[in-house]
Amino acid sequence: QVQLVESGGGLVQPGGSLRLSCVASTTVFSIYAMRWYRQAPGKERELVATITSGYSTDYKDSVKGRFTISRDNAKNTVFLQMNSLKPEDTAVYYCNAQRGVYLTWGQGTQVTVSS
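Scoring rules and cut-offs
- Residues numbered from 1 in each chain as written.
- Predicted model: local features only at pLDDT ≥ 70, side-chain atom pairs only at ≥ 80, totals over all residues.
- Heavy atoms only, no water.
- 1 Å grid on protein atoms, 1.4 Å probe; cavity = no way out; pocket = protein on both sides within 12 Å on 5 of 7 lines; lining within 4 Å.
- Points joined across faces, edges and corners; volume = space filled by probe spheres on them.
- Nonpolar A, V, L, I, M, F, W, Y, C, P; charged D, E, K, R; others polar.
- Pairing = 2+ DSSP bridges.
- Helix = DSSP H or I, 4+ residues; strand = E, 2+ residues; numbered from the N terminus.
- Axes fitted to C-alpha atoms, helices over the stretch in contact; angles between N-to-C directions.
- Buried < 20%, exposed > 50% of the residue type's maximum accessible area, 1.4 Å probe, protein only.
- Contact = heavy atoms within 4.5 Å.
- Disulfide = S-S within 2.5 Å.
- Polar contact = N/O pair within 3.5 Å; in protein donor to acceptor, adjacent residues only side chain to side chain.

A. Region of interest: the layout of surface pockets. By volume, the largest pocket is sized at about 210 Å³. Taken together, 15 residues make up the lining of the largest pocket; nearest its centre are Arg38, Lys43, Glu46, Glu88 and Asp89. Of the residues contributing to the lining of the largest pocket, the split by class is 3 nonpolar, 3 polar and 9 charged.

B. Spatial organisation of the sheet that holds strand β3 (residues 18-24). Ordered in space as β1-β3-β8-β7, the 4 strands form an open sheet in which the pairing is antiparallel. Edge strands, defined here as strands with exactly one partner in the open sheet, are β1 (4-7) and β7 (67-72). Direction aside, the axes of adjacent strands within the sheet are offset by 15° on average. Of the pairings in the sheet, the one linking β3 to strand β8 (residues 77-82) comprises 6 bridges and is antiparallel in character. Looking at β8, one finds that Leu18 is bridged to Met82.

C. View of the environment of Gly108. Within the secondary structure layout, Gly108 lies in the loop between β10 (102-105) and β11 (109-113). Judged by its relative accessible area of 15%, Gly108 is buried. Residues Gly108 and Gly9, 99 residues apart in the sequence, show an inter-C-alpha distance of 9.0 Å. With residues up to four places along the chain from it excluded, the contact list for Gly108 reads Glu6, Val92, Tyr93 and Tyr94.

D. Spotlight on the state of the cysteines. The full count for this structure, using the stated rule, is 1 disulfide. For Cys22, the disulfide goes to Cys95, at an S-S distance of 2.1 Å. As the torsion about the S-S bond is roughly -80°, the Cys22-Cys95 disulfide counts as left-handed. In this pair, Cys22 sits in strand β3 while Cys95 sits in strand β9 (residues 91-99), placing the two residues 73 residues apart along the sequence.

E. Here's a closer look at the pairing of β3. Counting buried residues in β3 gives 5 out of 7 residues, a clear majority hidden from the surface. Pairing of β1 with β3, which is carried by 4 bridges, proceeds in the antiparallel orientation. Across the sheet, residue Leu4 finds its bridge partner in β3, namely Ala24.

F. Region of interest: the side chain of Thr26. Along the chain, Thr26 falls in the loop between β3 and β4 (33-39). Only 3.1 Å separates the side chain of Thr26 from the backbone nitrogen of Val28, close enough to count as a polar contact.

Here you go:
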């Protein structure tokens with residue numbers, strides 16, 4: 001069972017940037033599809049970005065042009081570069097790994113965008 005550990009969250013002013021990282025404990029990281037989700041207080045968890053094993057990417061409309069998902073298979077790590085952050089990006093961000101029908105979640109990292 002793969003384990004995921006996120007890091008990189010924090011407090012940032014509007015317009016600022018953060019880079020989230022998620023390290024996976026597996027020897028076959030390259031075959032996983034990786035996703036970032038987020039959940040704001042009182043709201044449902046929502047999909048933010050996806051990167052497949054073939055490096056195809058997809059984004060939630062509201063983050064297109066601001067967020068970039070990438071992966072480094074040599075380091076078993078997926079990243080989420082977040083630029084031009086807005087207060088509405090405030091949420092707990094979760095990393096997700098998919099291999100077939102199996103899904104694994106990280107513990108989450110808090111991102112707060114506030115002046």
